[in-house]
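Here is what each chain is made of, one letter per residue.
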Amino acid sequence: LPGGQAPADVAPPETMSDYLTVLEKQHRNTDLVVLVRRSGQGLRYRGKWLKNLPPSASMLLDDTSTMGITGAGDVEQIVVPTGWVLSGRAAARVAIRTL
């Protein structure tokens, strides 16, 4: 994705400080942003992402009695700065194996 269309890699803001953090972490229009969906599970809590959690931690924290915690897919962003303003989008499915 071009940087202007890619979401910032932050949880939805809850406080004014969180809003300022979102503004600081916005991608530039000259950035190429690759989104990689991981098989792991993440959680959102108080404006922060908890990423790549082991299944035991996810199950413990994702209890319905726990207020303010919501589930979220684990997505990694790879940002490649370029010298050009980018537009458009493309998708490719690539199987990734760990060694």
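Residues numbered from 1 in each chain as written. Predicted model: local features only at pLDDT ≥ 70, side-chain atom pairs only at ≥ 80, totals over all residues. Heavy atoms only, no water.

Describing the overall build of the protein chain
Across its full length, the protein chain carries two helices and three strands. Moving toward the C terminus, one meets the helices and strands of the protein chain in the order α-β-β-α-β. Out of the 99 residues in the protein chain, the part that is buried amounts to 21%. Restricting the contact set of the protein chain to residue pairs at least 6 apart, pairs at least 24 apart contribute 73%. About 7,700 Å² of surface is accessible on the protein chain, with carbon and sulfur atoms providing 57% of the total. (Helix = DSSP H or I, 4+ residues; strand = E, 2+ residues; numbered from the N terminus. Buried < 20%, exposed > 50% of the residue type's maximum accessible area, 1.4 Å probe, protein only. Contact = heavy atoms within 4.5 Å. Areas by Shrake-Rupley, 256 points an atom, 1.4 Å probe, with all protein chains shown as cover.)

Looking at the layout of surface pockets
In this model, the largest pocket occupies a volume close to 920 Å³. If you go around the largest pocket, you meet 25 residues; those closest to its centre are Val 34, Leu 35, Val 36, Arg 37 and Ala 92. Tallying contributions element by element places strand β1 (residues 31–45) first for the lining of the largest pocket, with nine residues. Its residues placed into classes, the lining of the largest pocket shows 14 nonpolar, six polar and five charged. (1 Å grid on protein atoms, 1.4 Å probe; cavity = no way out; pocket = protein on both sides within 12 Å on 5 of 7 lines; lining within 4 Å. Points joined across faces, edges and corners; volume = space filled by probe spheres on them. Nonpolar A, V, L, I, M, F, W, Y, C, P; charged D, E, K, R; others polar.)

Some points on the side chain of Asp 31
Tracing the backbone shows Asp 31 in strand β1. For the buried Asp 31, which has no salt bridge, the nearest side chain bearing the opposite charge is Arg 28, at an N-O separation of 5.0 Å. For Asp 31, the residues in contact, after removing those within four places along its chain, are Leu 1, Pro 2, Gly 3, Val 79, Val 80, Pro 81 and Leu 86. (Lys, Arg positive; Asp, Glu negative; His and termini not counted. Salt bridge = Lys/Arg side-chain N within 4 Å of Asp/Glu carboxyl O.)

Quick word on the side chain of Asp 18
Positionally, Asp 18 belongs in helix α1 (residues 16–24). Of the polar contacts made by the side chain of Asp 18, one reaches the backbone nitrogen of Glu 14; its length is 3.1 Å. (Polar contact = N/O pair within 3.5 Å; in protein donor to acceptor, adjacent residues only side chain to side chain.)

Structural notes on the confidence of the model for the protein chain
In this model, the protein chain carries a mean pLDDT of 76, and residues with pLDDT of at least 70 account for 72%. Looking at the elements of the protein chain, mean pLDDT is at its lowest for helix α2 (residues 55–61), recorded as 66, and at its highest for α1, recorded as 87. (pLDDT = per-residue confidence, 0-100.)

Structural notes on the environment of Ile 78
The topology assignment puts Ile 78 in strand β3 (residues 69–81). In sequence terms Ile 78 and Val 36 are 42 residues apart; their C-alpha atoms lie 7.7 Å from each other.

Some remarks on the environment of Glu 76
By the secondary structure assignment, Glu 76 is in strand β3. Residues Glu 76 and Val 36 lie 40 residues apart in sequence; the distance between their C-alpha atoms is 5.1 Å. If we skip the residues at most four places from it in the chain, Glu 76 touches Val 34, Leu 35, Val 36 and Arg 38.

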